[in-house]
Amino acid sequence: MEEMFHKKSEAVRRLVEAAEEAHLKHEFDADLQYEYFNAVLINERDKDGNFLELGKEFILAPNDHFNNLPVNISLSDVQVPTNMYNKDPAIVNGVYWSESLNKVFVDNFDRDPSLIWQYFGSAKGFFRQYPGIKWEPDENGVIAFDCRNRKWYIQAATSPKDVVILVDVSGSMKGLRLTIAKQTVSSILDTLGDDDFFNIIAYNEELHYVEPCLNGTLVQADRTNKEHFREHLDKLFAKGIGMLDIALNEAFNILSDFNHTGQGSICSQAIMLITDGAVDTYDTIFAKYNWPDRKVRIFTYLIGREAAFADNLKWMACANKGFFTQISTLADVQENVMEYLHVLSRPKVIDQEHDVVWTEAYIDSTLTDDQGLVLMTTVAMPVFSKQNETRSKGILLGVVGTDVPVKELLKTIPKYKLGIHGYAFAITNNGYILTHPELRPLYEEGKKRRKPNYSSVDLSEVEWEDRDDVLRNAMVNRKTGKFSMEVKKTVDKGFRCGALQRPWEVFLPRERNHRRRPA
């Protein structure tokens, strides 16, 4: 298994080196014209039979390794989110220099034919995928996929973080502004993963926790918690006067108290402020809680078109190592929210921390086997700018990754060494099961589709004998070794139950990233 992990990681590392070298040699050209293979437009023709712009002929052929999907194993193609301009200079330049990855994609596939998808997700928004495949819009003609919202991208690009989101619900936020504010909060939640912790506080003259039961603490940003908070966002309404000083005091106290418990990310901390203005800079509060160390970054989102209070919000962000942006329409939300990821990635970029990240299991919507849709995990690594003029600024170029079917992990397990009653399993750093004999598909009622929270099954839910979480905690805390505990086993075809001591061995592959590796 360790050898297999190493092979996948080396494939990703070769992509990182090629991408950074290609960008180092590239000079940005605002007038660059380059016809690339757009994954949505390839092989499309106009009414006269001519290929569309960016949609020239792209040879596709069914391939057994990719579930007989029509793919091009010689070239990659590029998907651009619907809300972005296909020929934006930043997109065109990025696509141009990243063309050099095609050789590495093919070389990786030749070295390791078990590889599935390989890709580069750009910080500019485009997604280069190998082998090339045609993307089809939904019934509304939209492709909502944005690689920067995917867990593999977020985990590789940033460190774990504790976040308090402050939402202004004073009277001036009525109407469209509150709608934009809610969408902004929802987009921020999209960028949080299982390694992150958060809470949401609405404020006017008083503080209103979006979930009152979680007053004064932070919760893990897993799928269930995020969906729960989204449901409560609809209950917010605007009235009264915004007292930002009260909200800032509360946010700093929560982050400080939670950090001292040792339960959070023990890494980056941030306050996200969503408001239509601030009448003061609140420097006394920052001096009390955050200066001179500035351990908590402040990110400010100005809602609306007016810029009367922009200077105060800009100052608050800059004085606390954060970022300021203005969101005027719903269409502006996603791109502006993404900006904070670049800021949080800077320490990693400056220190050139090429951490290898492995995600929890998820469903690949394109591949199937005899049991339905395939469970996948992704190995990913960040790509940094090495150009002299940008290196000190910490510019993240994007993230490269490749998918690994969970069944490939199972093939590496020497079952003949485990014995008749033995089995192997793997969990993530959060205690969620990556693979386990008792991890059974959960289907939506009446549908042959796994429920969205199938990947959030904790080890304690299947290893009932581990009542005190001895095994689970040892694995999460990256301890290795052997121990045994008493388990009950049925005998005589289930008529009798006997107790026996079962030995356990915890093993950690050396190749994996210390912070987020599965155990």
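Residues numbered from 1 in each chain as written. Predicted model: local features only at pLDDT ≥ 70, side-chain atom pairs only at ≥ 80, totals over all residues. Heavy atoms only, no water.

- The name an unreviewed UniProt entry assigns to the chain is Calcium voltage-gated channel auxiliary subunit alpha2delta 3, from the organism Callithrix jacchus.
- Here the chain is described in UniProt, under the heading Subcellular location (unreviewed entry), as follows: "Membrane". (UniProt positions renumbered as here; feature names shortened; annotations may be inferred.)

## Focus on the UniProt feature "domain: VWFA" (unreviewed entry) in the chain
- According to UniProt, the feature "domain: VWFA" (unreviewed entry) maps to residues 162-344 in the numbering used here.
- The distance separating the terminal C-alpha atoms of residues 162-344 is 12 Å; by composition the span is 39% helix and 22% strand. (Helix = DSSP H or I, 4+ residues; strand = E, 2+ residues; numbered from the N terminus.)

## With respect to the packing of aromatic side chains
- Tallying each qualifying case throughout the model produces 25 aromatic pairs.
- Aromatic side chains Phe-286 and Trp-315 sit 6.5 Å apart centroid to centroid with 45° between the ring planes, which places their arrangement in the tilted category. Of the two residues, Phe-286 is situated in helix H8 (residues 283-289) and Trp-315 in helix H9 (residues 310-318); the sequence distance between them amounts to 29 residues.
- Given the relative accessible area of 0%, Phe-286 is considered buried.
- Among the aromatic residues, those joined into a ring-pair cluster are Tyr-119, Phe-127, Trp-135, Phe-145, Trp-152 and Tyr-153.
- In this arrangement the basic side chain of Arg-45 is found over the ring face of Phe-51, its NZ or CZ atom lying 3.9 Å from the centre.
- One cation-aromatic arrangement involves Lys-56 over Phe-37; the distance from NZ or CZ to the ring centre is 4.9 Å. (Phe/Tyr/Trp six-rings, centres within 6.5 Å; stacked < 30°, edge-to-face > 60°. Buried < 20%, exposed > 50% of the residue type's maximum accessible area, 1.4 Å probe, protein only. Lys NZ or Arg CZ within 6 Å of the ring centre and 35° of its normal.)

## As for the side chain of Asp-276
- Within the secondary structure layout, Asp-276 lies in the loop between strand S11 (268-275) and H8.
- Among the residues examined, Asp-276 registers a relative accessible area of 12% and is labelled buried.
- Side chain to side chain, Asp-276 and Ser-172 meet in a polar contact 2.6 Å long.
- For Asp-276, the residues in contact, after removing those within four places along its chain, are Asp-168, Ser-172, Met-173, Arg-177, Leu-302, Ile-303 and Phe-309. (Polar contact = N/O pair within 3.5 Å; in protein donor to acceptor, adjacent residues only side chain to side chain. Contact = heavy atoms within 4.5 Å.)

## Points about the side chain of Gln-220
- Tracing the chain through its elements places Gln-220 in strand S10 (residues 219-220).
- Among all residues touching Gln-220, those that are not within four sequence positions of it are Asp-194, Asp-196, Phe-197, Phe-198, Asn-225, Asn-430 and Tyr-432.

## What to know about a nonpolar patch on the surface
- Side chains of Ile-241, Met-243 and Ile-246 sit close together on the surface and give an oily, nonpolar patch of about 240 Å² of accessible area.
- As for its position among the elements, Ile-246 is in helix H7 (residues 244-261). (Patch = residues over 30% accessible without salt bridge, like charges linked within 9 Å, V, L, I, M, F, W, Y side chains within 5 Å. Areas by Shrake-Rupley, 256 points an atom, 1.4 Å probe, with all protein chains shown as cover. Salt bridge = Lys/Arg side-chain N within 4 Å of Asp/Glu carboxyl O.)

## Topic: the domain arrangement of the chain
- Under the domain assignment used here, the chain contains domain 1 (1-147 + 354-405), domain 2 (158-339) and domain 3 (413-506).
- Relative to domain 2, the C-alpha centre of domain 1 lies at a distance of 33 Å. (Domains from an automatic or database assignment.)

## Some thoughts on the packing of helix H5 (residues 176-190) against helix H10 (residues 333-350)
- At a minimum axis separation of 9 Å, H5 and H10 run at an interaxial angle of 50°. Comparing their axes, H10 and H5 come out oblique. For the pair H5 and H10, the crossing hand works out as right-handed. From H5, Ile-180, Gln-183, Thr-184, Ser-187 and Ile-188 reach across to H10, where they touch Val-333, Val-337 and Tyr-340.
- For the contact of H5 with H10, the class distribution of residues is five nonpolar, three polar and no charged. (Axes fitted to C-alpha atoms, helices over the stretch in contact; angles between N-to-C directions. Parallel < 35°, antiparallel > 145°, perpendicular 65-115°, else oblique. Left-handed = near helix turned anticlockwise from the far one by under 90°. Nonpolar A, V, L, I, M, F, W, Y, C, P; charged D, E, K, R; others polar.)

## Looking at the sheet that holds strand S1 (residues 61-63)
- With antiparallel pairing, three strands are arranged side by side in an open sheet as S1-S2-S6. In the strand order of this sheet, the two ends are held by S1 and strand S6 (132-133), each with one partner. (Pairing = 2+ DSSP bridges.)

## Brief notes about the pairing of strand S4 (residues 118-122)
- Of all five residues that make up S4, five are buried, and the element is covered over most of its length.
- Alternating positions in S4 separate into two faces, Gln-118, Phe-120 and Ser-122 on one and Tyr-119 and Gly-121 on the other, with burial throughout.
- Of the strand pairs in this sheet, S4 and strand S5 (residues 127-130) are connected by four bridges, and their pairing is antiparallel. Note on S5: the bridge partner recorded for Phe-120 is Arg-128.
- Counting the residues that bridge the hairpin from S4 to S5 gives four residues, and of these Gly-125 lies at a positive phi of roughly 115°.
- Two strands pair when backbone bridges link them, and S4 and strand S17 (residues 396-405) are joined in this way by five bridges, in the antiparallel orientation. Of the residues in S17, the one forming a bridge with Gln-118 is Thr-402.

## Regarding unusual backbone geometry
- Looking along the chain, the bond that leaves Tyr-130 and enters Pro-131 is cis, with omega of -5°.
- Within the secondary structure, Pro-131 is located in the loop between S5 and S6.
- For the peptide bond that leads from Trp-291 to Pro-292, omega is 0°, which places it in the cis range.
- You can see Pro-292 is positioned in the loop between H8 and strand S12 (296-303).
- Of note in this structure, Asn-43 is not a glycine but carries a positive phi near 65°.
- If you trace the backbone, Asn-43 turns up in the loop between helix H1 (2-25) and S1.
- At Asn-67, a position not held by glycine, the phi torsion is positive, near 60°.
- Structurally, Asn-67 can be placed in the loop between S1 and strand S2 (69-72).

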